[in-house]
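# Topology and contacts: notes
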Amino acid sequence: GVEIATGVAEPEAPKINRSDQAWFTEGWGEFQQHMASFHLKVDPAPGKTMLTSIQDMAMMLGSRNTYRNRNYEVLGEFIAQLSSKSCDPLVQLNGLKVVRAILYLQPDRARWTTAIRNREFHRMMRNETPSDAEKTTPQFTSTQTLIGSMGGVELVVAYFAAPEKQTVLAALMLAVAMLDGGCRAVQDMFAAILTPALSSQTFFQQLHQIIEDGITALKQQKHLKQEVPAESMTQLLAASNAAPALSESLQYMTEVMKMLARFCMGQHKPLQDILLNQRFNKVSYDFYEKSVNYLSELEPQLREAIRNEDLVVVEGGIRGFHMLADAMRGPNHANQFAISSNALYDLIHRFMVKLQVESPEGSKKGAFCAGGYDELARNNLRSRLKTAVTTCVLQFLEGGVNPEIPRHMLNMLQWSSLASNMDKCFKLIQSGSKLVDQELLYEEGLNYFFTLKFLKNFDENDQFIVPAWTPFMQAVHFFETRCGYVEIMRSQRVERVYFALPVTCIPGGALDKDFPEMFDAERSDPDRKNQNFLDNMLAVIQRTMHQEVVRDSNMAWTIQYFTMICSVSFYNALLIHMTVIFGSYTPWWHREAAMEYMGASDPTPADVWFNEDMMPTTIGVSIALTIILGLVACLRAVAFVYAELWDIIRDGLHDSKYDKTAAEGAWDQGEVDKDDRGELDLEESEEEKNNRKDPFAEKNKSQPETVEGERLWIDQSHACRDQAVQLETGSDHRSQVPVVLV
């Protein structure tokens, strides 16, 4: 023993007999940690060992500057190796993460710095959407298409049958990243591989099993809460044991809903139909019905999940409703009828009633507030979830082919609760409440109003909607002034479209104008009237777009204050004239005669005061006002160049081109003759009228209503039978039928 100052011997430590295997295991662990931290420069924490390596491999494989990777040959070989059945499961898991990281890092993006890529990689680690996906940049879309064409789609489909759950989850995340933003090319690749039974049966079986596992886990959790007393220790143990499985199932379901929503994004009808019915497969699954069942089982968990800020559970509900909404867009009438059910309407009603804004004073769960939970974050989750629910409701009404669905909704839902929620949003917006994000409140309130306004058209006897919103007319008026409305006549039916007006278009906004120039059209000929109206409308749109660009720049004052600058220059010039007149300022061409007259006799005191006091003051004020007028004129010239000159040049070029086109007889495609003076002769004989055929009649006979195309065809009258005006809309409406703009 060792003697210490007190003279008491310290007992010897007991000897521990350890086997060679135990000593080796301990030393091997320390060696691994040392190598990872100091030599490989990776995080040795569980689950994070390969993070830095994944980022480095993604940068190498996704760059064309890599050796022998000019056309991504190395990337293609890497994905091919991952698809091999002999590939190690750990290599498969990390390989999927590497391929997904390429989408986030975009190694060939020249202007991206290391800091930007590190930020994007951290977004991937937090399972957030790539920043480029929200803006749908061409570079990101090309990267998605590249990964899909190099075998990424086949990789996802193949790994759905993997026995390791983490590999399946990684495959789901890769599919979500490839489809983010609704990449059409990748959607087409998935549609091509999921349509044949040979390549899709296993995929859909595994997808169905994941959804069933999620529903089963939720039912087990619900059963535990109902059957076991709250104070029982066995319940606590069972809940703790079931929590990891439930959390894992919910994470899987969140990714499944995100993937299915991106399948349907952009109104991709082939994938929308595949999720309803796999007609070539031996066993077909209705994934929309399964999704409604999952949301029904998830609903009891959502209130507690929001209080606990459990994003996995809440995001699962939000993504589920967005997926159902995307599945019905187009409109996809078959999916509308398939998803419409009493179970879904009952679920929507429960969401509207149970999810209410929480305030610190009115919260029944004081412990949550005391524990530091953020009311703003919880209320934002509630608002996002209810907005997703109302978005799903609105998609039932798109297209308006059959009134059965809206009439069914009128009888099933409790509209007073929906109107009450709209009023709460209005009051929170008016009070400037900090309990919920104002943008989320505005979007949620508008969705309530759109739903009520839309269904009012089907409430023939004012039995449901009017009594529901009458007590909240202030809220109705508030959202009505911020609502745009368009009617489209399609195949003898009226389709209604409601949309939120931009802030500049609401009453009192910058664009709250009548725009009379739109109606400055020739009235004698319906064809020319239509063309003039569309040209004027496009001119207003182009001018507005140009002004919006200027408003977003440092020269925004040239748009915002142009009218005020013109007024200042006018009143300044008026003030100069008033000063000259009332100051009796003598013009220079009369000044010599006036001086001779004034010097002809002895000046009076008034003459002395005028010459010595009034005249210098008048001259000084006039000079000062003239200088100010010159400065204001310069400002007005600069504002004119930025705000108005572009429109004048554009209108001049358009008018010259339009006149030239009209002079060449383009109105009737050569069927209208020119007389000797070069003017258009719009008269035609009765024989020509009788022989004239209606092209639309033949088109409608030979070409039924389809879901392809991106054009609205406008047929205003029989006078424009031979010349339809084709208006490119830029949206994916997917129909090409005669339309009357109302």
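The paragraphs below set out a description of the structure included in this document. (Residues numbered from 1 in each chain as written. Predicted model: local features only at pLDDT ≥ 70, side-chain atom pairs only at ≥ 80, totals over all residues. Heavy atoms only, no water.)

## Examining the overall build of the protein
In terms of regular secondary structure, the protein is built from 30 helices and five strands. The burial tally for the protein puts 40% of its 742 residues in the buried class. For the protein, the proportion of contacts with a sequence separation of at least 24, taken over those separated by at least 6, is 70%. By element, 57% of the accessible surface of the protein is carried by carbon and sulfur atoms, the whole surface being about 41,000 Å². (Helix = DSSP H or I, 4+ residues; strand = E, 2+ residues; numbered from the N terminus. Buried < 20%, exposed > 50% of the residue type's maximum accessible area, 1.4 Å probe, protein only. Contact = heavy atoms within 4.5 Å. Areas by Shrake-Rupley, 256 points an atom, 1.4 Å probe, with all protein chains shown as cover.)

## Notes on the pattern of salt bridges
Per the stated rule, a full pass over the model turns up 16 salt bridges. Residue Arg407 pairs with Glu460 through a salt bridge whose shortest N-O separation is 3.3 Å. Separated by 53 residues along the polypeptide, Arg407 in helix α19 (residues 404-412) and Glu460 in the loop between α21 (438-456) and α22 (465-469) bring together distant segments of the chain. If you follow the salt bridges from partner to partner, you end up with Arg123, Arg126 and Glu128 in one network. (Salt bridge = Lys/Arg side-chain N within 4 Å of Asp/Glu carboxyl O.)

## Overview of the side chain of Thr137
If you trace the backbone, Thr137 turns up in the loop between α6 (131-135) and α7 (138-159). The exposure class assigned to Thr137 is buried, which follows from its relative accessible area of 12%. A polar side-chain atom of Thr137 sits 3.2 Å from a polar atom in the side chain of Asp132. Beyond its immediate chain neighbours, meaning those up to four positions away, Thr137 contacts Arg109 and Asp132. (Polar contact = N/O pair within 3.5 Å; in protein donor to acceptor, adjacent residues only side chain to side chain.)

## Quick notes on the packing of aromatic side chains
This model, assessed by the stated rule, comprises 15 aromatic pairs. A ring pair is formed by Phe478 and Phe479, whose centres lie 5.0 Å apart and whose planes are at 80°; its orientation type is edge-to-face. Residue class for Phe478 comes out buried when judged on its relative accessible area of 10%. Cluster of aromatic residues (ring-pair linked, three or more members): Phe160, Phe203, Phe204, Tyr285 and Phe287. The side chain of Arg482 reaches across the aromatic face of Phe478, ending 3.9 Å from its centre. (Phe/Tyr/Trp six-rings, centres within 6.5 Å; stacked < 30°, edge-to-face > 60°. Lys NZ or Arg CZ within 6 Å of the ring centre and 35° of its normal.)

## Details of the environment of Arg384
Structurally, Arg384 can be placed in helix α18 (residues 375-396). Under the relative-accessibility criterion, Arg384 is labelled partly exposed at 29%. For Arg384 and Leu440, which are 56 residues apart along the polypeptide, the C-alpha to C-alpha distance reads 6.9 Å. In this structure, Arg384 is in contact with Glu315, Ile318 and Leu440, ignoring residues within four places of it in sequence.

## Examining the packing of helix α4 (residues 89-105) against helix α5 (residues 114-125)
One way to put it is that α4 packs onto α5 with a least axis distance of 9 Å and a crossing angle of 130°. Of the possible angle classes, the one that applies to α4 and α5 is oblique. Our pair here, α4 against α5, has a crossing hand that is right-handed. Contacts between α4 and α5 involve Lys97, Arg100, Ala101, Tyr104 and Leu105 on the former and, on the latter, Arg117, Glu120, Phe121, Arg123 and Met124. (Axes fitted to C-alpha atoms, helices over the stretch in contact; angles between N-to-C directions. Parallel < 35°, antiparallel > 145°, perpendicular 65-115°, else oblique. Left-handed = near helix turned anticlockwise from the far one by under 90°.)

## Examining the nonpolar core
Note on soluble globular proteins: their nonpolar side chains tend to be buried together. Counting residues in each nonpolar core, the largest one holds 138 residues, and the members touching the most others are Phe190, Leu194, Met259, Phe263, Phe321, Met409 and Trp415. It is helix α8 (residues 165-179) that contributes the most residues to this core, twelve residues altogether. Sequence-distant contacts of Trp415, defined by excluding residues within four places in its chain, comprise Met409, Leu410, Thr451, Leu452, Leu455, Phe464, Ile465 and Ala468. Ranked by size, the runner-up nonpolar core spans five residues in total, among them Ile565, Cys566, Val632 and Ala639. (Core = buried A, V, L, I, M, F, W, Y, C linked by side-chain atoms within 4.5 Å.)

## Remarks on the pairing of strand β2 (residues 493-500)
Sheet topology note: the strand β1 (residues 483-490)/β2 ladder contains eight bridges and is antiparallel. Bridge pairing links Tyr485 to Tyr498 in β2. Between the end of β1 and the start of β2, which pair antiparallel, lie two residues, with Ser491 showing a positive phi angle near 55°. (Pairing = 2+ DSSP bridges.)

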